[in-house]
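Coordinate inspection notes
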Amino acid sequence: MILFSLLLSTVLFKTSIVQDASVIFRYFPGLSAKQQQQFAALDTLYKEWNEKINVISRKDIDNLYVNHVLHSLGIAKVSAFLPGAEILDVGTGGGFPGIPLAILFPETRFHLVDSIGKKITVVREVSQALGLTNVTCEQIRAEQMKHKYDFVVSRAVTQMKEFHGWVHNKVKKESKHPLDNGILYLKGGEVEEEMDLLKRPYSVFDLQAYFTEAFFETKKVVYVPLI
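Below is a summary of the structure that appears in this document. (Residues numbered from 1 in each chain as written. Predicted model: local features only at pLDDT ≥ 70, side-chain atom pairs only at ≥ 80, totals over all residues. Heavy atoms only, no water.)

Remarks on helix 6 (residues 160-167)
Just so we agree on the cut-off: The cut-offs for exposure are 20% and 50% of the maximum accessible area for each residue type, with area from a 1.4 Å probe on protein chains only; residues under the lower value are buried, those over the upper are exposed, and the others partly exposed. Helical segments are the DSSP runs of H or I of at least four residues, strand segments are the runs of E of at least two, and each set is numbered from the N terminus. By construction, the arc corresponds to the directions joining the helix axis to the C-beta atoms. Here, residues are in contact when the closest pair of their heavy atoms is within 4.5 Å.
For helix 6, the set of buried residues is Met160, Phe163, His164, Trp166 and Val167. Taken end-on, helix 6 shows its buried residues confined to a sector of 155 degrees, consistent with a single buried face. Contact partners of the buried residues in helix 6: strand 1 (86-90), strand 4 (151-155), strand 5 (182-188), helix 7 (192-196) and strand 7 (219-225).

Brief notes about the nonpolar core
For soluble globular proteins, nonpolar side chains are generally found buried alongside one another. Where we set the bar: Nonpolar cores were defined as sets of buried Ala, Val, Leu, Ile, Met, Phe, Trp, Tyr and Cys residues, with membership established by side-chain atoms within 4.5 Å.
Residues Ile24, Phe28, Leu42, Tyr46, Phe81, Ile99 and Leu184 are the most contacted members of the largest nonpolar core, which totals 54 residues. Of all the elements, helix 3 (residues 64-78) adds the most residues to this core, at eight residues. Contact partners of Ile24, with chain neighbours within four places excluded, come to Leu31, Phe39, Tyr65, Val69, Leu70 and Leu73. Grouped together as the second largest cluster of nonpolar side chains are 21 residues, Leu88, Val113, Ala142 and Val224 included.

Digging into the pairing of strand 5
What counts is decided by this rule: The pairing criterion for strands is at least two bridges between them, as found by DSSP. Handedness of a crossover is defined as follows: orient the strands so they point away from the viewer, and if the path from the first strand over the helix to the second runs clockwise, the crossover is right-handed.
Burial analysis of strand 5 places six of its seven residues in the buried class, the great majority of the element. Direction of pairing for strand 4 relative to strand 5: parallel, over a ladder of five bridges. Note on strand 5: the bridge partner recorded for Arg155 is Leu186. Regarding the hand of the β-α-β motif, the stretch spanning strand 4, helix 6 and strand 5 is right-handed. Inspection of the sheet shows strand 5 paired to strand 7 by seven bridges, in the antiparallel sense. Paired with Gly188 across the two strands is Lys219, which belongs to strand 7.

Here it is as structure tokens:
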């Protein structure tokens, strides 16, 4: 009886993970079995690491799949990254949006950077546990980086004008995607006033056009071409 109870608990625990991750599977139905397993594993990995190093609000950890994973994947609804492309995630924190995007695009290379070493520790451990060979991570400020990328992604780490100053010279001059190389930035709320300060062309994609959850009613991807 004790053994059966333990087995049942394990099954229910695993099932709850799959049910949580099912929101990802619904919006991205073409995932391989490996990708589904990687997305399903995020729940346990982030809950374990968040107990050691806080990278997600403890009040928000139960909303991991919608508020963090699916939110990150909103960038993929705007641009599907090609095999061999290089993406820079600036101010990645606990690995968002970089890790979910790296699972979705296993043949695209992702470089996740943050100035805080503890956060990079979590990113490195989660990436390794998932077997993500297309992810590198580094404790460094974006301004110090020399390499150039196809796109720079981020989740609203600062005002766009300041962010643009950090990364405007970090993209390759030749584009191979339908969108010209540039910034893909996850933002919430009204963005017009902030973006007008940049004095550059930009496009806004409302995530509620892709996802039906209430969380996305004010969420956007802001695209700024840099070439």
